[in-house]
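Coordinate analysis (summary)
Listed here are the chains, written in short residue letters.
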Amino acid sequence: MHAALSELTVTIPVAPSMSMFDPVFVGIDEFGNPVYLDLVYHNLLDAGEPGGGKSVLIQNLVGHAFLCHDFTPVLLDPKWVELGMWMEAAEAAGGVFVGPDIEAALRVLRRLQKVMDRRYSWLVAHGRRKFLPSDLIKVIGIFIDELAYYTATTGTPEQQKEFIALVRDLVARGRACAMPVIAATQRPSVDIIPTSLRDLFGYRAAFRCTTPNSSDIILGHGWASAGFNAQAISPTTPGVFYLIAEGGIPHLVKAAYLTDAQIHQLVDYVTWIRRNGDPAPVPLAA
Ligand SMILES: Nc1ncnc2c1ncn2[C@@H]1O[C@H](COP(=O)(O)OP(=O)(O)OP(=O)(O)O)[C@@H](O)[C@H]1O
């Protein structure tokens, strides 16, 4: 005898099964091997000229994050059209979405700085250096799609300066306390990404650039002349980027691609499960 649908919906556990501490799949390398990132303990700088594929990469990471039971989203997108797609899901997940309002962005970042300070106090009190999955802490993923808008385009010079200082602090201190920053910019220039800020990003993704110098601003000085030059990426292959992880050499990667329809499906799914499902993690074998 078949169970009625109403019975099924209450007996089948539905919730995100992954953890932010799991490796995040981003694409395949030039040898066909899958490429994973360890997002929690690193930050990611995602940069390159318009149309290179930065937003597609950020959408992959956001998609993974929302499928994790231990994710709290903080999404900043002045253009609305990328991270704005997740606005409803962010609200359902107890997070926040900010559009082009720099004062609203500053309020959120100031608050995050306080949360970070409290998390550090906890670590110190427990004699620990970083959070672990066993701490069952929410990972606050801070996604910024177009850093340059807040640091160079909108607001007063004081607001821009404060924005840069807050982001720098989060990038410098956030990773030990499960608050990684994923920041994208289509302006890889030293005024937007000074070396001192760039070097705090454990992962850097360089999509096609207009000059070898821009490529070096993302990956690090000297990589273009050593043959790792994002200017050489063909404009006909969007989604290809050089990925460097701290201490390593750049690897050529093709990002996985989610269509807008797939993103909308994901948004519906993760919003629905957070509003209606069991928020507890479900083992994959269940
Ligand atoms: N990994 C990929 N696989 C296939 N196509 C891709 C991939 N990445 C990007 N594209 C194509 O390139 C287009 C532009 O990508 P995307 O919007 O991510 O660029 P961007 O660098 O974010 O540009 P902008 O700075 O203008 O926002 C996409 O709409 C898609 O058609």
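Above this text is the structure in question.
Residues numbered from 1 in each chain as written. Predicted model: local features only at pLDDT ≥ 70, side-chain atom pairs only at ≥ 80, totals over all residues. Heavy atoms only, no water.

1. Topic: the packing of aromatic side chains
What counts here: Centres within 6.5 Å are what make two rings of Phe, Tyr or Trp a pair, Trp counting through its six-membered ring; a difference in plane orientation under 30 degrees is then read as stacked, over 60 as edge-to-face, and the rest as tilted. The cut-offs for exposure are 20% and 50% of the maximum accessible area for each residue type, with area from a 1.4 Å probe on protein chains only; residues under the lower value are buried, those over the upper are exposed, and the others partly exposed. Placement of a positive charge over a ring is assigned whenever Lys NZ or Arg CZ falls within 6 Å of the ring centre and within 35 degrees of the normal to the ring plane.
Per the stated rule, a full pass over the model turns up twelve aromatic pairs. Measuring from centroid to centroid gives 5.1 Å for Phe66 and Phe71, while their planes differ by 85°, and the two rings are edge-to-face. This pair shows no difference in class: Phe66 is buried, exactly as Phe71 is. Put simply, the rings of Phe66, Phe71, Trp86 and Phe143 touch in pairs and so form one group of aromatic residues. Cation over ring: Arg119 sits above Phe131, and NZ or CZ is 6.0 Å from the ring centre. The ring centre of Tyr41 lies 4.1 Å from the NZ or CZ of Lys130, which sits over that ring.

2. Structural notes on unusual backbone geometry
Definition in use: Think of it this way: any DSSP run of H or I at least four residues long counts as a helix, any run of E at least two long counts as a strand, and we number them from the N terminus.
Even without glycine at this site, Leu136 takes up a positive phi of about 55°. Mapped onto the elements, Leu136 comes out in the loop between α4 (102-125) and β6 (139-145). Even without being a glycine, Glu146 presents a positive backbone phi close to 95°. Looking at the element boundaries, Glu146 is found in the loop between β6 and α5 (147-153).

3. Some thoughts on the environment of Arg208
Definition in use: Throughout, a residue-residue contact means that at least one pair of heavy atoms, one from each residue, lies within 4.5 Å. For the purposes of these results, a polar contact is taken to be a pair of N or O atoms within 3.5 Å, where, inside protein, one atom must be able to donate a hydrogen and its partner to accept one; residues adjacent in sequence count only when each atom of the pair is a side-chain atom.
Position of Arg208 among the secondary structure elements: in the loop between β8 (203-206) and α8 (212-219). Put simply, Arg208 and Thr154 are 54 residues apart on the chain and 25 Å apart in space, counted from C-alpha to C-alpha. The residues contacting Arg208, other than those within four sequence positions of it, are Gly48, Glu49, Ala230, Gln231, Ile233, Ser234, Pro235 and Val240. Polar side-chain contacts of Arg208 include one of 2.9 Å to the backbone oxygen of Gln231.

4. Examining the site of the ligand
What counts here: Nearness here has a simple test: a residue counts as near a molecule or strand if at least one of its heavy atoms is within 4 Å of that partner. What sets the accessible areas is the Shrake-Rupley method with a 1.4 Å probe; for residues, cover comes only from the shown protein chains. Residues are sorted three ways: Asp, Glu, Lys and Arg are charged, Ala, Val, Leu, Ile, Met, Phe, Trp, Tyr, Cys and Pro are nonpolar, and all the rest, Gly among them, are polar.
Every one of the 16 residues lining the ligand counts as a neighbour, but Gly51, Lys54, Ser55, Gln186 and Ala255 are closest to it. One nitrogen or oxygen atom from the side chain of Lys54 is found 2.7 Å from an oxygen atom belonging to the ligand. Bound to the protein, the ligand loses 71% of the 620 Å² it would expose on its own. Among the elements that line the shell around the ligand, the one with the most residues is helix α2 (residues 54-66), at three residues. A class-by-class count of the residues in the shell around the ligand yields six nonpolar, six polar and four charged.

5. So, the pattern of salt bridges
Any two side chains of opposite charge can pair, on the condition that their charged atoms come close. Rule in force here: The salt bridge definition used is simple: a Lys or Arg side-chain nitrogen within 4 Å of an Asp or Glu carboxyl oxygen.
As enumerated under the stated definition, the model contains ten salt bridges in all. Two residues, Glu49 and Arg208, come together in a salt bridge whose shortest N-O distance is 3.6 Å. One end of the pair, Glu49, is in the loop between β3 (44-47) and α2; the other, Arg208, is in the loop between β8 and α8, with 159 residues separating them in the sequence. Per residue, the accessibility class of Glu49 equals that of Arg208, and both read buried. A salt bridge links Glu88 to Arg275; its shortest N-O distance comes to 3.2 Å. One end of the pair, Glu88, is in helix α3 (residues 87-92); the other, Arg275, is in helix α9 (residues 260-276), with 187 residues separating them in the sequence. Judged by relative accessible area, which is 45%, Glu88 ranks as partly exposed. Residue classification places Arg275 among the partly exposed residues on the basis of a relative accessible area of 44%.

6. Quick notes on the packing of α4 against helix α6 (residues 157-173)
Think of two packed helices as two axes; the pair is described by the angle between the axes and how far apart they sit. Definition in use: An axis is simply a line fitted to the C-alpha atoms; with a helix, the fit covers only the stretch in contact. Between two such axes, the angle follows the N-to-C directions and lies from 0 to 180 degrees. Note on angle classes: values under 35 degrees are labelled roughly parallel, values over 145 roughly antiparallel, values of 65 to 115 roughly perpendicular, and the remainder oblique. The hand of a helix crossing depends on one turn: near helix anticlockwise from the far one by less than a right angle means left-handed, and clockwise means right-handed.
Contact pair α4 / α6: the axes reach a minimum separation of 10 Å and the direction vectors enclose 30°. Taken together, the axes of α4 and α6 lie roughly parallel to each other. Crossing of α4 against α6: the hand is left-handed. Here Ile102, Glu103, Ala105, Leu106, Leu109, Arg110, Leu112, Gln113, Met116, Asp117 and Tyr120 of α4 lie close against α6, whose contacting residues are Gln159, Gln160, Glu162, Phe163, Leu166, Val167, Asp169, Leu170 and Arg173. Here the contact of α4 with α6 is composed, by residue class, of eleven nonpolar, three polar and six charged.

7. Side note on the side chain of Thr72
Its place among the elements puts Thr72 in strand β4 (residues 71-76). Among all residues touching Thr72, those that are not within four sequence positions of it are Gly94, Gly95, Lys138, Val139, Ile140 and Gly141.

8. A short note on the layout of surface pockets
Remark: the empty space left among the atoms is shown by a probe the size of a water molecule rolled over them. To keep it simple, the criterion reads: Here a cavity means grid points, on a 1 Å grid over the protein atoms only, where a 1.4 Å probe fits yet cannot get out; a pocket means an open set of points with protein on both sides within 12 Å along at least five of seven lines; lining residues are those with an atom within 4 Å of a point. Grid points are joined across faces, edges and corners, and a volume is the space filled by probe spheres set on the points.
Its volume calculated, the largest pocket comes out at about 240 Å³. Residue lining of the largest pocket: Thr72, Pro73, Val74, Gly94, Gly95, Val96, Arg107, Val108, Arg111, Leu112, Val115 and Ile140, and that is the complete set. Secondary structure elements with two or more residues in the lining of the largest pocket: β4 and α4. In terms of residue count, α4 provides more of the lining of the largest pocket than any other element does, five residues in total. When the residues that make up the lining of the largest pocket are grouped by side-chain class, the tally is seven nonpolar, three polar and two charged. Space inside the second largest pocket adds up to approximately 190 Å³. Taken together, 13 residues line the second largest pocket, and the ones lying closest to its centre are Val24, Phe25, Asn60, Gly63 and His64. Only β1 (24-29) and α2 provide two or more residues apiece to the lining of the second largest pocket. Top element by residues in the lining of the second largest pocket is α2. It accounts for three residues.

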